Amino acid sequence: MNAVLAPRRERTTAEWQAADAAHFLHPFTDFQSLAQKGARIITRADNIYLWDSDGHKILDAMSGLWCVNVGYGQPALVDAATRQLKELPFYNAFFQTATPPAIELAELLSEVTPPQFNHVFFSGSGSEGNDTVVRMVRRYWDLLGRPERQVIISRRNAYHGSTMAGASLGGMSAMHAQGGLPIPGIVHIEQPHWFELGRPQGLSRDEFGRVAAGWLEQKILEVGPEKVAAFIGEPVQGAGGVIVPPETYWPEIQRICDRYGILLVSDEVICGFGRTGHWFGCERFGTRPDLMTFAKGVTSGYIPLGGVMVGDRVADVLIRQGGEFTHGYTYSGHPVACAVAVANIRLIRELKLVEHVHDDVGPYLAGVFEALAEHPLVGEAQTCGLMGALQLVKDKASGTPFPAELEVGMVCRGHCFANGLIMRAVGDRMIIAPPLVITRAQIDEMAALIRRCLDLTLADVRGRGWL
Ligand code: PMP
């Protein structure tokens, strides 16, 4: 048999783990501890379920990594990739060339995004997209003769990726602690996290939303409005713990950006493509961003692709003022990735997944989370479309958290894995973002698993004498 086409060698879980530990440096991982424990080996998937190398079925309440919006095993995406791989597996978009899938996708994205977006710049990932944002924002102000407008304001506990610019825009202290970040010209304000910051002060959610937006204005005045280029934020902070901002927050942020003429960048890497029950999170919260980063859901994660939607305000300057924008990636507009994205967006439309989240499973999940909020371990339950968070607390009445070093979230996550459920722990916030194709019956199945894992965590925490 042709060695290139040989089937993948079957190995036991232990053999996979040994080879993994010997050669594979995983992202965001303590290498030594993983090598000791052995990685979980995921071998196949269908719809909202995964199977590991021991044949265990797992309900994937995180859509891979917030990306498999249309669910696993959609033949239309596989066929689009296969056809494009055969026809033209690669050509670049440098040197005044283009491929049909990249052009088609650019057109389609202009259709499904808010009206101010008529142009796109492609990247290979969300992190690269946000690097593009930094380059593009500064280029915009340079072209307007305002090179002193360099500073980009972001938020603590934001996640905008893991490249130098992405990690700098992000507000994760553990990331800033490595490698001398943030890079110059990026500053942060506090996050709109009512449970952590507003509730202890006795502020209502709406009052707190206005206070939190006010921190942007304070920072603009502190930096000097003439030096501020842009503000960037995720409509709902994802990796930070599904922090759904108060309704008053984003309209006030928009007002402040308008007042000082600074660009508003919406990082839609998680919130885009239906996750919030709207095509994009900015539509859910009523903002009019100038730039919008996307990745993940654009291909439902079947193949890497990211990019930046460029609003007319910025595109007009980049195009009209002319001159080369000295920026781009080998895979900007990769034809196979773009072909998959086109098929994915058509499928989202055909299956009416945005409506499905908005009218059906989103409100249904909200009801289910309201019921889970009654659990003695849960201090706060929040959802937005098909994202949800359960804040685990030591004392429900006062909202007192567990000491961070107990890592109660990790205890709960352990029970989830052991019971066939993938839920993520961000500190003591347990979060979900299931595939958008999930049904009400599957939400019930997921909720039963969550409840069982909360009960097991409660018993465990009591057993350890932490309660
Ligand atoms: N922005 C946001 C909001 C994200 O959630 C992520 C990834 N989780 C990124 C950017 C980075 O995307 P990538 O991992 O594709 O580089």
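Quick caveat: nothing in here was measured; it's all calculated off a predicted structure.

Enquirer: Help me understand the side chain of Gln-191 in this model?
Expert: Relative to the elements of secondary structure, Gln-191 occurs in the loop between strand E6 (186-189) and helix H9 (194-198). Engagement of the side chain of Gln-191 in a polar contact is seen with the side chain of Gln-237, the distance being 2.9 Å. Excluding anything up to four places from it in sequence, Gln-191 contacts Arg-156, Asn-157, Glu-196, Leu-197, Phe-208, Trp-215, Gln-237 and Ile-243.

Enquirer: How should the sheet that holds strand E12 (residues 387-392) be read in this particular structure?
Expert: In a beta sheet, neighbouring strands are held together by backbone hydrogen bonds and run either parallel or antiparallel to one another. Spatially, the four strands line up as an open sheet ordered E11-E12-E15-E14, and their pairing is antiparallel. Since the sheet does not close on itself, it has two edges, and those belong to strand E11 (378-384) and strand E14 (424-426), each with one partner. Recorded for the sheet is a direction-independent mean angle of 20 degrees between the axes of neighbouring strands. Across three bridges, the pairing between E14 and strand E15 (residues 429-432) is antiparallel. By the bridge assignment for E15, Arg-424 is matched with Ile-431.

Enquirer: Would you mind showing me how to read the site of the ligand here?
Expert: Close to the ligand lie Ser-125, Gly-126, Ser-127, Asn-130, Tyr-159, His-160, Gly-161, Glu-234, Asp-267, Val-269, Ile-270 and Lys-296. Taking Lys-296, its side chain carries an N or O atom lying 3.0 Å from a nitrogen atom of the ligand. Computed on the free molecule, the ligand has an accessible area of 390 Å², of which 84% lies beneath the protein chains in the complex. For the shell around the ligand, a count of residues per class yields three nonpolar, six polar and three charged.

Enquirer: Whenever I open this one, the sheet that holds strand E13 (residues 421-422) confuses me. Can you help?
Expert: Reading across the sheet, the four strands line up as E1-E2-E3-E13 and stay open at both edges, with mixed pairing between neighbours. Of all the strands in the sheet, the pair left with one neighbour each is strand E1 (42-46) and E13. Sheet topology places strand E3 (residues 57-60) next to E13; two bridges connect them, and they run parallel. Within the sheet, the bridge partner assigned to Leu-59 lies in E13 and is Leu-421. Packing of helix H17 (residues 440-463) onto the sheet brings it into contact with strand E2 (49-52), E3 and E13, and relative to E3 it is tilted by some 105 degrees.

Enquirer: Help me understand the packing of aromatic side chains, please; the structure alone is not making it clear to me.
Expert: For any pair of aromatic rings, the description consists of the separation of the ring centres together with the inter-plane angle of the planes. Taken as a whole and judged by the stated rule, the model has eleven aromatic pairs. Judged by centre distance (5.8 Å) and plane angle (75 degrees), the rings of Phe-208 and Trp-215 are edge-to-face. With a centroid separation of 6.2 Å and 75 degrees between ring planes, the pair formed by Phe-273 and Phe-294 is classed as edge-to-face. You can see Phe-273 sitting in the loop between strand E8 (263-267) and helix H12 (281-285) and its partner Phe-294 sitting in strand E9 (residues 291-294), a full 21 residues away along the chain. Phe-294 matches Phe-273 in its accessibility class, with the two residues each being buried. Grouping aromatic residues by their ring pairs yields a cluster made of Phe-273, Trp-279, Phe-280 and Phe-294.

Enquirer: Where do I start with helix H15 (residues 353-372) in this structure?
Expert: For an α-helix the count is 3.6 residues per turn, leaving residues at separations of three or four pointing the same way. In this model H15 runs just 25 Å from its N-terminal to its C-terminal C-alpha over 20 residues, more than 12% under the 28 Å that 1.5 Å per residue would give. At Val-361, H15 shows its maximal bend, which comes to roughly 45 degrees, and the proline Pro-363 appears one to four places after that position. All of the buried residues in H15 are Leu-353, Val-354, His-356, Val-357, Val-361, Gly-362, Leu-365, Val-368, Phe-369 and Leu-372. In this structure, the buried residues of H15 make contact with helix H14 (335-350), E11, E12, E15 and H17.

Enquirer: What exactly am I supposed to notice about the side chain of Asp-20 here?
Expert: Topologically, Asp-20 is positioned in helix H1 (residues 13-23). Although Asp-20 is buried, it forms no salt bridge, and the closest oppositely charged side chain is Arg-11 at an N-O distance of 9.7 Å. Side-chain polar atoms of Asp-20 contact the side chain of His-26, separated by 2.7 Å. Discounting chain neighbours no more than four positions away, the residues touching Asp-20 are His-26, Leu-34 and Ala-39.

Enquirer: Quick question: what am I supposed to make of the domain arrangement of the chain here?
Expert: Reports often express the size of an interface as the amount of accessible area lost when the parts come together. Taken domain by domain, the chain holds domain 1 (47-70 + 352-463) and domain 2 (76-350). Here the C-alpha centroids of domain 1 and domain 2 sit 26 Å apart. Of the residues lining the interface, 34 residues belong to domain 1; the matching set on domain 2 comes to 36 residues. When domain 1 packs against domain 2, the two sides together hide about 2,600 Å² of surface, and 61% of this comes from carbon and sulfur. The tally of links from domain 1 across to domain 2 stands at one salt bridge. The salt bridge involving Arg-205 is made with Glu-380; its shortest N-O contact spans 3.7 Å. Counting across the interface, domain 1 meets domain 2 through 17 residue pairs in polar contact (both at pLDDT 80 or more). Going through the elements one at a time, helix H3 (63-66), H15, E11, E12, E14 and E15 are the ones with two or more residues in the side of domain 1 that touches domain 2. The leading source of residues in the side of domain 1 that touches domain 2 is E11, at five residues.

Conventions used here
- Residues numbered from 1 in each chain as written.
- Predicted model: local features only at pLDDT ≥ 70, side-chain atom pairs only at ≥ 80, totals over all residues.
- Heavy atoms only, no water.
- Helix = DSSP H or I, 4+ residues; strand = E, 2+ residues; numbered from the N terminus.
- Polar contact = N/O pair within 3.5 Å; in protein donor to acceptor, adjacent residues only side chain to side chain.
- Contact = heavy atoms within 4.5 Å.
- Pairing = 2+ DSSP bridges.
- Axes fitted to C-alpha atoms, helices over the stretch in contact; angles between N-to-C directions.
- Near = heavy atom within 4 Å.
- Areas by Shrake-Rupley, 256 points an atom, 1.4 Å probe, with all protein chains shown as cover.
- Nonpolar A, V, L, I, M, F, W, Y, C, P; charged D, E, K, R; others polar.
- Phe/Tyr/Trp six-rings, centres within 6.5 Å; stacked < 30°, edge-to-face > 60°.
- Buried < 20%, exposed > 50% of the residue type's maximum accessible area, 1.4 Å probe, protein only.
- Expected span 1.5 Å × (residues − 1).
- Bend = angle between axes of the 7 residues up to and from the residue.
- Lys, Arg positive; Asp, Glu negative; His and termini not counted.
- Salt bridge = Lys/Arg side-chain N within 4 Å of Asp/Glu carboxyl O.
- Domains from an automatic or database assignment.
- Buried area = accessible area lost by both parts, 1.4 Å probe.

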